[in-house]
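# Summary of the model geometry
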Amino acid sequence: MRRIVVQGRAGVSARFIEIELKHVRLQLGGRAVLRALNWHISPGQRWVLLGANGAGKTQLLKLLAGDVWPAPGVGRRRYRLAGESFDDPYGIRDELGYLGAERQDRYEHYEWNYRVEHIIATGLHRTEIPLAPVTAEDRRQIAELLSRLRIEALARRRFLTLSYGERRLVLLARALAWRPKMLLLDEPFTGLDAQHRERVMDGLRRLSRTALPWVLSTHRLEDVPVFATHVCRIESGRITGKRRFVRQRRSRKSGLRVAHARSDNGPLRPSAAPAPALISLRRASVWREGRAVLRDLSLQVRRSECWLVHGANGSGKSSFLQMLYGDLGVARGGSITRAGLEPGIALHAFKRRLGLIAPEMQALHPRYLPVADVVASGLHASVGLNERSGAGERRRVARALRRVGAANLAARTWRTLSYGQQRRLLFARALVHEPDILLLDEPYAGLDVRTHRALRALVEQAIAAGVTTIMATHHRDEWPARVTHELELERGRAAYCGPVRAP
């Protein structure tokens, strides 16, 4: 690493990081994913990075953070801090704060189920995992950060018992505890309900009163903070525009706002003669880490019904779907019955009839697994494959990839894909075996408008064809047109359970 002392940098420029990219290029798996990058980020600037799924937003942030290395001998990447200049990030990597889905998924992948206060303490200590006791002074600072984000109640909870949105806020608190000299945020609003989204926005609003530079990636216009100062757009791995930020009115013509009208005929009501029940719950409760996350749920899901599950972050939506899938058991005193699953038949036989899309699925697949194997694993309800796919399976995989518009990704590995591309492939994995039941946990999170519309059309087609569907979402405009039933959860209990109510 070459370090250069530069003259006369004082004030905020000395306290915060400045980054300059000149003609930088990045290759992954022998493929160029970023090309001819030119960008200058200075203290006091608050950048929004816009781009569609697969445009290169995540890889660009990882390049800035030092998690990936640019092509050697091409261009220059330079960091400046406290009057010194570095031609690679090693000397100041610990001064960069990073928050993204991949970092969040790491806790799921490695089963790091630490208490929330211990996770935030790793930010104070600048370690990956807890390596030192939490002191009284640590607890004071942790309490302050939790209060700032209004999540004090989570302090003693274990990380893997939290909802996706709650985890995101905890990791934001950890990133702030890091006391970074630059903050990099990759799609920070993904998976958040309105209340949690406002908490993140309020945290960023507080940061905007300082000269801390940050870069926030998104593809949704409504996620652009009004206090941003600059906008950078990336398309197909190239920066196509940089400008000062001027807040504009939202418009459907912008291509960044998703709005879907309900069916002209309204939601479908259950028929007079109910179909057979595929899943029956009787006073079902679920406990995680000594805490009840679902309580006394009783309902029946019948063939060809479409259920919409909604509620705030932490209300139990993901736990509900994991219970239906079989990854969480029902506590004594309650029961769950699955059609065709008699004593002596393995639960795996039921899982092979289901298509599952959930955030944790993106963390479970090995990073170097070929895309075709990820999709083929849906035929076996497995993670990875025990043996090579046969010709028949390969044909089904190719058909599923074409169906979701991802045939061009077949030769790639999981690690080279963007978050949105991985989500598209989870749709292929869920649909590859023509499932009887679809379980969808925030299925459109992290998707750009074009991909969202295309995948939503596939879900609507499956529902119209009679596939039983149970979907959890925060957003009313994502409700299927043919939804028949609604389950509103509040702190693990059913606030409403029955036929869908009028909007």
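Residues numbered from 1 in each chain as written. Predicted model: local features only at pLDDT ≥ 70, side-chain atom pairs only at ≥ 80, totals over all residues. Heavy atoms only, no water.

## Points about the environment of Leu278
Following the sequence through the fold, Leu278 ends up in strand 12 (residues 277-288). C-alpha of Leu278 to C-alpha of Tyr107: the two residues are 171 residues apart in sequence and 33 Å apart in space. Setting aside residues no more than four positions away along its own chain, Leu278 makes contact with Val301, Arg302, Arg303, Thr337, Arg338, Ala339, Arg353, Ile437 and Thr468. (Helix = DSSP H or I, 4+ residues; strand = E, 2+ residues; numbered from the N terminus. Contact = heavy atoms within 4.5 Å.)

## What about the layout of surface pockets?
Each pocket or cavity is described by its volume, and for the second largest pocket that value is around 770 Å³. Lining the second largest pocket are 35 residues; nearest its centre among them are Ala52, Asn53, Gly54, Ala55 and Asp448. For the lining of the second largest pocket, the elements supplying multiple residues, two or more each, are strand 3 (31-41), strand 10 (230-235), helix 13 (419-431) and helix 14 (449-464). For the lining of the second largest pocket, the leading source of residues is strand 3, giving five residues. Among the residues forming the lining of the second largest pocket, the class breakdown is 10 nonpolar, 16 polar and nine charged. (1 Å grid on protein atoms, 1.4 Å probe; cavity = no way out; pocket = protein on both sides within 12 Å on 5 of 7 lines; lining within 4 Å. Points joined across faces, edges and corners; volume = space filled by probe spheres on them. Nonpolar A, V, L, I, M, F, W, Y, C, P; charged D, E, K, R; others polar.)

## Some words on the nonpolar core
A general trend in soluble globular proteins is that nonpolar side chains are found buried together. Core analysis: the largest hydrophobic core is formed by 68 residues, its most contacted members being Phe320, Leu324, Leu425, Leu439 and Ile470. The greatest single-element share of this core, amounting to six residues, is contributed by helix 13. Leave out the neighbours within four places in its chain, and Leu425 touches Val371, Val375, Leu401, Ala406, Leu409, Trp414 and Leu417. The next biggest cluster of nonpolar side chains, apart from the first, holds 48 residues, and it includes Ile119, Leu149, Leu169 and Leu221. (Core = buried A, V, L, I, M, F, W, Y, C linked by side-chain atoms within 4.5 Å. Buried < 20%, exposed > 50% of the residue type's maximum accessible area, 1.4 Å probe, protein only.)

## Focus: a positive patch on the surface
A cluster of basic residues, Arg388, Arg394, Arg395, Arg396, Arg399 and Arg402, forms a positive patch on the protein surface. Locating Arg394 in the fold gives a position in helix 12 (residues 391-403). (Patch = residues over 30% accessible without salt bridge, like charges linked within 9 Å, V, L, I, M, F, W, Y side chains within 5 Å. Areas by Shrake-Rupley, 256 points an atom, 1.4 Å probe, with all protein chains shown as cover. Salt bridge = Lys/Arg side-chain N within 4 Å of Asp/Glu carboxyl O. Lys, Arg positive; Asp, Glu negative; His and termini not counted. Charge placed at Lys NZ, Arg CZ, Asp CG, Glu CD.)

## Brief notes about the packing of aromatic side chains
Counted under the stated rule, the structure contains seven aromatic pairs. Summarising the aromatic geometry, the rings of Tyr107 and Phe159 are spaced 4.7 Å apart at their centres and angled 45° between planes, so their arrangement reads as tilted. Taken together, the positions of Tyr107 in helix 3 (residues 101-109) and Phe159 in the loop between helix 5 (136-148) and helix 6 (164-177) put the pair 52 residues apart, joining distant regions of the chain. Judged by relative accessible area, Phe159 falls into the buried class, the value being 0%. Put simply, the rings of Tyr107, Tyr110, Trp112 and Phe159 touch in pairs and so form one group of aromatic residues. When the ring centre of Tyr496 is taken as reference, the NZ or CZ atom of Arg501 above it lies at 4.0 Å. (Phe/Tyr/Trp six-rings, centres within 6.5 Å; stacked < 30°, edge-to-face > 60°. Lys NZ or Arg CZ within 6 Å of the ring centre and 35° of its normal.)

## Focus on helix 6
The first and last C-alpha atoms of helix 6 sit 20 Å apart over 14 residues, in line with the 20 Å expected at 1.5 Å per residue. Directly beyond the C-terminal end of helix 6, a positive phi value near 55° is found at Arg179. (Expected span 1.5 Å × (residues − 1).)

## Here we look at the confidence of the model for the protein chain
Here the protein chain shows a mean pLDDT of 88. Residues at 70 or above account for 91%. Below pLDDT 50 for its whole length, residues 1-9 participates in 25 contacts with residues either more than four positions away or in separate chains. (pLDDT = per-residue confidence, 0-100.)

## A word on the sheet that holds strand 12
An order of 13-12-15 is seen for the three strands of this open sheet, with the pairing classed as antiparallel. Each of the sheet's edge strands pairs with one partner strand only, and the pair in question is strand 13 (291-302) and strand 15 (335-338). Strand after strand, the sheet turns through a mean of 20° between neighbouring axes, direction not considered. In the sheet, strand 12 pairs with strand 15 via four bridges, with the strands oriented antiparallel. The residue of strand 15 that forms the bridge with Arg282 is Ser335. Relative to strand 12, helix 8 (residues 317-325) is tilted by about 125°, and along the sheet it contacts strand 12, strand 13 and strand 15. (Pairing = 2+ DSSP bridges. Axes fitted to C-alpha atoms, helices over the stretch in contact; angles between N-to-C directions.)

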